[in-house]
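Coordinate analysis (summary)
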Amino acid sequence: MCAACGNVLMRHERVLCLSCLLELPGTGFHDDAENPVARMFWGRVPLEQATAFMYFYRDSRYRKILHELKYHGQYRIGIEMGRMFGRELKSTEFSRIDLVHPVPLHPRRQRQRGYNQSALIARGIADVLKKPIEEKLIRRTQDTASQTRKSRYGRWENVEGIFSVNVPEKLKDKHVLLVDDVVTTGATLEACASSLLGIENVRVSVAVLAYVKID
Ligand SMILES: [Zn+2]
């Protein structure tokens, strides 16, 4: 079944049917250094580059992709969306990163869910870019997911210092691509990137599957 519209897939189709693939609300941000996702982090955390694969709209059929990925353990959707994203990044500056790392879940949440949806996307991207993936070098020390309904301001304050890095030597001199499923305020990614930036000569870029535009 198509992950967006639910129609039966043809043999050559993967995850999305052809019409959903053609109508996918892609951002076209990857080559634009001043795109809205990159701008979100200006003055907050110094990133090399930031981008998102698609827009996330409240009433969109594509919303189902993220829901299936997050709550129904649809591994194939995550990996395949990551591969699609990776194919777009391949011809851009993002192909120059050294390794891919997903934004980690808190260990308790990961145990409950059984997987990290962002890690699936990260695996798809790493696969296409032919870059190594690390999933355990960054650790989430606080579980903030229950606070997602708080205001933009509240979330920002709550995520400071929620990540720490294991074996920082492994990231020394590296350009790390942080991968997450959704970006709204950028607070979680900001905190995650900040946890890396104390490491010697580390650079950080960000790739997010879906960008939620808030006005
Ligand atoms: Zn479809």
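As shown above, the structure is provided for reference.
A short tour of the structure in this document, coming up. No experiment lies behind these values; they were computed from the predicted model shown.

What counts as what
- Residues numbered from 1 in each chain as written.
- Predicted model: local features only at pLDDT ≥ 70, side-chain atom pairs only at ≥ 80, totals over all residues.
- Heavy atoms only, no water.
- Buried < 20%, exposed > 50% of the residue type's maximum accessible area, 1.4 Å probe, protein only.
- Helix = DSSP H or I, 4+ residues; strand = E, 2+ residues; numbered from the N terminus.
- Patch = residues over 30% accessible without salt bridge, like charges linked within 9 Å, V, L, I, M, F, W, Y side chains within 5 Å.
- Areas by Shrake-Rupley, 256 points an atom, 1.4 Å probe, with all protein chains shown as cover.
- Salt bridge = Lys/Arg side-chain N within 4 Å of Asp/Glu carboxyl O.
- Donors = N, O, S within 2.8 Å, 3.2 Å for Na, K, Ca; no water.
- Tetrahedral: all angles 85-135°; square planar, octahedral: opposite > 155°, others 65-115°.
- Expected span 1.5 Å × (residues − 1).
- Contact = heavy atoms within 4.5 Å.
- Polar contact = N/O pair within 3.5 Å; in protein donor to acceptor, adjacent residues only side chain to side chain.

On to helix H8 (residues 187–196). Within H8, nine of the ten residues are buried, leaving the element largely enclosed by the surrounding structure. Turning to H8, its buried residues are Ala187, Thr188, Leu189, Glu190, Ala191, Cys192, Ala193, Ser195 and Leu196.

The grouping of Leu18, Leu21 and Leu22 at the surface amounts to a nonpolar patch, some 310 Å² of accessible area in total. Tracing the sequence through the fold places Leu22 in helix H1 (residues 18–22). Residue classification places Leu22 among the exposed positions, given a relative accessible area of 68%.

Around the zinc ion, the protein contributes the donor atoms Cys2 (SG), Cys5 (SG), Cys17 (SG) and Cys20 (SG), at 2.3 Å from the metal centre. The site at the zinc ion holds four donor atoms, and with the angles between them running 105 to 116 degrees, its shape is tetrahedral. Here the donor residues for the zinc ion map to a single chain with the spacing C-x2-C-x11-C-x2-C. Residue Cys2 is found in the segment before H1, and its partner Cys20 is found in helix H1; the two are separated by 18 residues along the sequence. The burial state of Cys2 is the same as that of Cys20; both residues are buried.

This part takes up helix H6 (residues 117–129). Look at H6: 19 Å from first C-alpha to last across 13 residues, which is about the 18 Å you get at 1.5 Å a residue. The element H6 is extensively covered by neighbouring structure, given that eleven of its 13 residues are classed as buried. Those residues of H6 hidden inside the fold are in contact with helix H3 (63–71), helix H4 (75–89), strand S2 (99–102), helix H5 (107–113), strand S5 (175–183) and strand S6 (203–212). Where H6 starts, the residue carrying a side-chain oxygen 2.9 Å from the main-chain nitrogen of Ser118 turns out to be Asn116. Looking at the residues trailing H6, positive phi occurs at Lys130, about 55 degrees.

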